[in-house]
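Observations on chain architecture
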Amino acid sequence: MLFVVGALIDICAVINVPGAAAFTVGAEQRVSVTPLGTVLALVALAAWSSACWLRRRPLIPLIAGAAISLVGMSYALLLIAAVACIARFPQRTRVISIAVAASVAFHVIRETVTPWGAALPWLFTSRTDAQFEPAWVIAPSVLAVVSLSAAAAVVLTTRARVSAHQSEARAQHEHRRADALTEQTVRQAERERVARDMHDALAHRLSVVSLHAGALEAAASAGGAAMAGSPTGEIARTVREQTHAALEDMRGLIGDLRRGDTAAASAPASMRGIGSLLSDLHASGASTRSYVVIESPERAGALFDSAVFRIVQEALTNAIKHAIGAVIDVYVHVDPQSGARVRVANPVEAFAPSPVPGGGNGTLGIRERVAVLGGEVWIGEYEGSFIVDVTLPWQERG
């Protein structure tokens, strides 16, 4: 639509150029286009065809508009392209505005004092002598002022709309930021509440268990050499050591909860501790068949490092609770090329009612850790065994 209207305006404005049209004076006023006028009409069509580049390359229609304005047709394409250029290159607004205003002023002065201004008077009066009448001398200046004002209004409106969008985007960003801060505050308050509950309830109970285990171990030692080396004494010692370790872990977790430092919460757990974990199991009387190979643990990311240990720990805890007295198969292989593979299996037939109630959170925690790291997990029964099978992609230390 813009191309059609603009091209029609400039085709009609061809008669504005001296020599492009012949005016017949007599009973019937009419105008005929000369070969020069035909060439100029084709030039106008070609210039307006550049309007398709207004958004992508606005300099092309700006140059085309300046050319047909300089020839003497109209400056409509020049103004339209100038608006597009200012929108595309706002830092060049001053230069473009001055250049366009100067071109329009030159066009108006030429129409006012030279024969170049024949088109507009003839189109409205059909007289060739009307060009230098006062009304038609003023008309080009009025039209130029209106056109320039309309172009300036479009530029200002566009900028106001862009500024409004930017202000709205900033407001939405600040709103999201405020929501995030509020959510962070709520989470921190919840972490502190959980930390208080853990400290007041679990720490007290674990301390009591550790105290009684120590007392039982002391009683066994007091019974003489025979009692000191008895299974009861060994079990009491293991319970005391494991309870003390659990207390230390829980105190670290409580501190991390209060600081909101989730990365630090995982730092104490490392796959370097899998060997100690298996040794503690053996000391407590559990039977395992283990294959553990860990390459380049110092290169592993903290989250990956802790996740491998926690997954092995939870899988073993699950097996000990539900397969009392059974042999547990443990396979752990970690290397930077293939990542981590953890497989813990125990016989289903060995399942017995556990003295420690389970809430199903252990396997859920394994799945959550695997999901965070983008790994794969399979947990379930297969060929008479309950299997936890996890694969994790390697994560390099940052």
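Each remark here, short or long, concerns the structure printed above.
If you're wondering where the values come from, they're calculated on a predicted model, not measured in any experiment.

Points about the nonpolar core
By size, the foremost hydrophobic cluster in this structure holds 34 residues, and its most contacted members are F304, V308, L316 and L392. At the level of elements, helix 11 (274–283), helix 12 (302–322), strand 4 (327–335), strand 5 (339–347), helix 13 (361–373) and strand 7 (385–392) are the ones that each hand at least two residues to this core. Looking at which element gives the most residues to this core, the answer is helix 12, with nine residues. Each residue touching V308, except ones within four places of it in the same chain, is listed here: M271, I274, V334, A340, V342 and L392. L54, L78, V83 and I86 belong to the second-largest nonpolar core, a separate cluster that totals 19 residues.

Some points on the packing of aromatic side chains
Summed over all chains, the structure comprises two aromatic pairs. Seen from their ring centres, Y291 and Y331 are 5.2 Å apart, and the 10° between their planes marks the pair as stacked. Residue Y291 is found in strand 3 (residues 287–294), and its partner Y331 is found in strand 4; the two are separated by 40 residues along the sequence. Exposure remark for Y291: the relative accessible area of 42% places this residue in the partly exposed category.

Regarding the environment of V100
Following the sequence through the fold, V100 ends up in helix 5 (residues 93–113). Residues contacting V100, with those up to four places away along its chain left out, are L78, L79, A82 and L148.

Section: empty space enclosed by the protein
Applying the stated rule across the entire model yields one cavity of 30 Å³ or more. The wall of the largest cavity is formed by E111, T112, G117, L120, P121, Q131, W136, V137 and P140. When contributions to the lining of the largest cavity are tallied by element, the ones reaching two or more residues are helix 5, helix 6 (119–125) and helix 7 (134–222). Here the lining of the largest cavity is built from residues that sort into five nonpolar, three polar and one charged.

As for the packing of helix 3 (residues 59–71) against helix 5
Look at helix 3 against helix 5: their axes get within 9 Å of each other, and the N-to-C directions meet at 20°. With respect to helix 5, the axis of helix 3 lies roughly parallel. You can see that helix 3 and helix 5 cross each other, and the crossing is left-handed. The residues of helix 5 that touch helix 3, namely those facing S69, L70 and V71, are S103, F106, H107 and R110. Per-class residue counts for the contact of helix 3 with helix 5 are three nonpolar, three polar and one charged.

Looking at the sheet that holds strand 7
To summarise the sheet geometry, strands pair through backbone hydrogen bonds and adopt either a parallel or an antiparallel arrangement. Taken together, the five strands give an open sheet; going across it, the order is 3-4-5-7-6, and neighbouring strands pair in mixed fashion. Two strands lie at the open edges of the sheet, namely strand 3 and strand 6 (376–382), each paired on one side alone. Averaged over all adjacent pairs, the angle separating strand axes in this sheet is 5°, with direction ignored. Sheet topology places strand 3 next to strand 4; eight bridges connect them, and they run parallel. For S287, the partnering residue across the bridge sits in strand 4 and is V327. Helix-sheet contacts for helix 11 involve strand 3 and strand 4, and the interaxial angle to strand 3 is about 170°. Against the sheet, helix 12 contacts strand 4, strand 5 and strand 7, and its axis sits at roughly 5° relative to strand 5.

Quick notes on the pattern of salt bridges
If you walk through the whole model with that rule in mind, you get four salt bridges. When the shortest N-O distance is used, the salt bridge between D305 and R272 registers 4.0 Å. Here the residue D305 occupies a position in helix 12, and R272 occupies one in the loop between helix 10 (262–266) and helix 11, the gap between them amounting to 33 residues. Linking D389 and R341 is a salt bridge whose minimum nitrogen-to-oxygen distance equals 2.7 Å. A residue pair is termed long-range when its members are at least 10 positions apart, and D389 in strand 7 and R341 in strand 5 qualify at 48 residues. Judged by relative accessible area, D389 falls into the buried class, the value being 18%. The partly exposed category is assigned to R341, whose relative accessible area is 34%.

Quick look at the packing of helix 11 against helix 12
Their axes nearest at 10 Å, the elements helix 11 and helix 12 cross at an angle of 15°. As far as their axial angle goes, helix 12 and helix 11 are roughly parallel. For the element pair helix 11 and helix 12, the recorded crossing hand is right-handed. Residues I274, L277, L278 and L281 of helix 11 form the contact with helix 12, whose own contacting residues are V308, F309, V312, Q313, L316 and I320. Of the residues assigned to the contact of helix 11 with helix 12, the class counts are nine nonpolar, one polar and no charged.

The rules behind the values
Residues numbered from 1 in each chain as written. Predicted model: local features only at pLDDT ≥ 70, side-chain atom pairs only at ≥ 80, totals over all residues. Heavy atoms only, no water. Core = buried A, V, L, I, M, F, W, Y, C linked by side-chain atoms within 4.5 Å. Buried < 20%, exposed > 50% of the residue type's maximum accessible area, 1.4 Å probe, protein only. Helix = DSSP H or I, 4+ residues; strand = E, 2+ residues; numbered from the N terminus. Contact = heavy atoms within 4.5 Å. Phe/Tyr/Trp six-rings, centres within 6.5 Å; stacked < 30°, edge-to-face > 60°. 1 Å grid on protein atoms, 1.4 Å probe; cavity = no way out; pocket = protein on both sides within 12 Å on 5 of 7 lines; lining within 4 Å. Points joined across faces, edges and corners; volume = space filled by probe spheres on them. Nonpolar A, V, L, I, M, F, W, Y, C, P; charged D, E, K, R; others polar. Axes fitted to C-alpha atoms, helices over the stretch in contact; angles between N-to-C directions. Parallel < 35°, antiparallel > 145°, perpendicular 65-115°, else oblique. Left-handed = near helix turned anticlockwise from the far one by under 90°. Pairing = 2+ DSSP bridges. Salt bridge = Lys/Arg side-chain N within 4 Å of Asp/Glu carboxyl O.

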